[in-house]
Amino acid sequence: MNHQLFLYYDTFETPLGPMTVLANDEGVCRIDFGHYEDRLATYQSWKKKHFLKGELVYDPEHKYVAQTKQELSDYFEGHRNEFHVPLNCYGTDFQRQVWRTLLHHVPYGETRSYKDIASSMHAPKAIRAVGGAVNQNPFSIIVPCHRIIGSNGKLVGYAGGLDKKQKLLEFEKEHQTIKQNQ
């Protein structure tokens, strides 16, 4: 039996509502806000695009599913500001470059603009393309697209909704202050 054909999932509760994690034996493939059942159509088309065949299997104990849930739980408790779960990225080279930039160049509790990200990638004219890639980020919270704001300082688009983006930014600011004062 080829394990590559299995995508393991679980939905778990967070302070911002339910989140669903999808993983295979190489790492986490997606982390999304919402229940698995509500995201199923999205997952089916994503799976068809990247895996052709394959089966979605409920497995809350799968090592990367469990690790993701634990790390996000630690994050929401204010005990973690970086993640170690392996990410298994499916996207274009450019999208993956943008997600890597978010992961490594947008610190906990801080924000950057789409323009900042494009500049740090040495592609200052690629602001719209960066926006498109941020919009397609499959790793909610772990790849911190919630920390990306408009050049005017306004909160713009977030897959989880602007209310969740606002809460995440406020949460990180609050916990960043706590860590600095310890």
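Residues numbered from 1 in each chain as written. Predicted model: local features only at pLDDT ≥ 70, side-chain atom pairs only at ≥ 80, totals over all residues. Heavy atoms only, no water.

**Student:** How would you sum up the overall build of the protein chain? Please name residues and give values.
**Tutor:** Secondary structure assignment for the protein chain yields six helices and six strands. Listing the helices and strands of the protein chain from first to last along the sequence gives β-β-β-α-β-α-α-β-α-α-β-α. On C-alpha atoms alone, the protein chain measures out to a radius of gyration of 16 Å, which is about the 16 Å that the 2.2 N^0.38 rule sets for 182 residues. Along the first, second and third principal axes, the C-alpha atoms of the protein chain reach 50 × 40 × 25 Å. Counting across all 182 residues of the protein chain, residues that qualify as buried make up 49%. Restricting the contact set of the protein chain to residue pairs at least 6 apart, pairs at least 24 apart contribute 57%. Entry remark: accessible area of the protein chain is about 9600 Å², with carbon and sulfur atoms responsible for 50%. (Helix = DSSP H or I, 4+ residues; strand = E, 2+ residues; numbered from the N terminus. Rg over C-alpha atoms; globule rule 2.2 N^0.38 Å. Buried < 20%, exposed > 50% of the residue type's maximum accessible area, 1.4 Å probe, protein only. Contact = heavy atoms within 4.5 Å. Areas by Shrake-Rupley, 256 points an atom, 1.4 Å probe, with all protein chains shown as cover.)

**Student:** I'd like a description of the pattern of salt bridges, backed by residues and values.
**Tutor:** On inspection of all chains with the given rule, the structure shows seven salt bridges. A salt bridge links Arg80 to Asp74; the shortest N-O distance between them is 3.5 Å. Residue class for Asp74 comes out buried when judged on its relative accessible area of 16%. We note a salt bridge from Arg147 to Glu172, for which the minimum N-O separation is 2.7 Å. Placement of Arg147 in the loop between α5 (127-135) and β6 (148-149) and of Glu172 in helix α6 (residues 162-180) is noted, with a sequence separation of 25 residues between them. By relative accessible area, Glu172 is classed as buried at 1%. Within this structure, Arg30, Asp32 and Arg39 form a network of salt bridges that share partners. (Salt bridge = Lys/Arg side-chain N within 4 Å of Asp/Glu carboxyl O.)

**Student:** Please give an account of helix α1 (residues 36-51) that cites residues and values.
**Tutor:** If you check α1, its first and last C-alpha atoms are just 18 Å apart, much less than what 16 residues at 1.5 Å a residue would give, namely 22 Å. Thr42 marks the point of greatest bend in α1, at about 40°. Among the residues making up α1, those that are buried are Tyr36, Tyr43, Trp46, Lys47 and Phe51. The secondary structure elements touched by the buried residues of α1 are β1 (6-14), β2 (17-24), β3 (27-33) and β4 (55-58). (Expected span 1.5 Å × (residues − 1). Bend = angle between axes of the 7 residues up to and from the residue.)

**Student:** Any chance you could break down the environment of Tyr8 for me, citing the residues and the numbers?
**Tutor:** Residue position: Tyr8 is located in strand β1. The spacing of Tyr8 and Leu56 is 48 residues in sequence and 5.9 Å in space, taken between C-alpha atoms.

**Student:** Explain the confidence of the model for the protein chain to me, and be specific about the residues and the numbers.
**Tutor:** With 94% of its residues at a pLDDT of at least 70, the protein chain reaches an overall mean of 90. The element-level mean pLDDT for the protein chain is lowest in α6, coming to 83, with helix α2 (residues 63-76) highest at 97. (pLDDT = per-residue confidence, 0-100.)

**Student:** Just give me the short version of the nonpolar core, but keep the residues and values in it.
**Tutor:** Within the largest apolar cluster, 38 residues are counted, with the highest numbers of intra-cluster contacts made by Val98, Leu102 and Ile141. Ranked by the residues each element gives to this core, the list is headed by α2, at five residues. The next biggest cluster of nonpolar side chains, apart from the first, holds nine residues, and it includes Leu7, Cys29, Tyr43 and Phe51. (Core = buried A, V, L, I, M, F, W, Y, C linked by side-chain atoms within 4.5 Å.)

**Student:** Account for the environment of Gly150, with residues named and values stated.
**Tutor:** Mapped onto the elements of the fold, Gly150 is located in the loop between β6 and α6. C-alpha separation for the pair Gly150 and Ser113, spaced 37 residues apart in sequence, amounts to 5.3 Å. Those residues in contact with Gly150 that sit more than four places away from it in its chain are Ser113, Tyr114 and Val156.

**Student:** Mind laying out the side chain of Glu172, listing which residues take part and the relevant values?
**Tutor:** One polar contact links Glu172 to His146, side chain to side chain, over a distance of 2.8 Å. Setting aside residues no more than four positions away along its own chain, Glu172 makes contact with Tyr75, Tyr108, Gly109, His146 and Arg147. (Polar contact = N/O pair within 3.5 Å; in protein donor to acceptor, adjacent residues only side chain to side chain.)

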